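Next come the chains, spelled out residue by residue.
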Amino acid sequence: MSSLAFKSVPHAVAVRSTENELIVSLNDGWVLSVPLAWFPRLADATSEHLAEFESLGEGEGIHCPSIDEDISVAGLLEGRPSVEYQAVKA
């Protein structure tokens, strides 16, 4: 007898930030916390801008419209900072 394995893909269900962190709650119960420094546009944003997060797709990513920042949940799970951050660190 064979069975199909169903793998749930994590999606963002809530996003918030602190002075130094981006915190993303996922549909599977995980909560990710990454440094805002990983995303220079977020790190330089005002608290008002950081309150404007929107869902991309069905939660595959998040978007901050006022500073035009898109972040994928997959990238966060892989520990990948933004391209801008990587360029500065190179």
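Everything here concerns the structure above.
Predicted, not measured: the structure shown is a model, and the values here were computed from it.

## Some details on the sheet that holds strand β5 (residues 61-64)
Piece 1. Read across the sheet, three strands follow the order β4-β5-β6 without closing on themselves; strand pairing throughout is antiparallel. Strands at the two margins of the open sheet, each flanked by one partner only, are β4 (54-56) and β6 (69-72). Each strand axis lies, on average, 30° off the axis of its neighbour in the sheet, ignoring direction.
Piece 2. Here β4 runs beside β5; their pairing, made up of three bridges, is antiparallel. Bridge assignment links S55 to a residue of β5, and that residue is I62.

## Quick notes on the side chain of H63
Piece 1. The topology assignment puts H63 in strand β5.
Piece 2. For H63, a relative accessible area of 14% corresponds to the buried category.
Piece 3. Separated by 3.4 Å, the side chain of H63 and the backbone oxygen of E69 make a polar contact.
Piece 4. Those residues in contact with H63, other than ones at most four positions away along the chain, are E52, F53, E54, L56, D68, E69 and D70.

## Digging into the pattern of salt bridges
Piece 1. Inspection of every chain in the model, using the stated rule, returns three salt bridges.
Piece 2. The shortest N-O distance in the salt bridge between E84 and R41 comes to 2.6 Å. One end of the pair, E84, is in helix α3 (residues 83-89); the other, R41, is in helix α1 (residues 40-43), with 43 residues separating them in the sequence.
Piece 3. The class for E84 is partly exposed, based on a relative accessible area of 32%.

Conventions we followed
- Residues numbered from 1 in each chain as written.
- Predicted model: local features only at pLDDT ≥ 70, side-chain atom pairs only at ≥ 80, totals over all residues.
- Heavy atoms only, no water.
- Pairing = 2+ DSSP bridges.
- Helix = DSSP H or I, 4+ residues; strand = E, 2+ residues; numbered from the N terminus.
- Axes fitted to C-alpha atoms, helices over the stretch in contact; angles between N-to-C directions.
- Buried < 20%, exposed > 50% of the residue type's maximum accessible area, 1.4 Å probe, protein only.
- Polar contact = N/O pair within 3.5 Å; in protein donor to acceptor, adjacent residues only side chain to side chain.
- Contact = heavy atoms within 4.5 Å.
- Salt bridge = Lys/Arg side-chain N within 4 Å of Asp/Glu carboxyl O.

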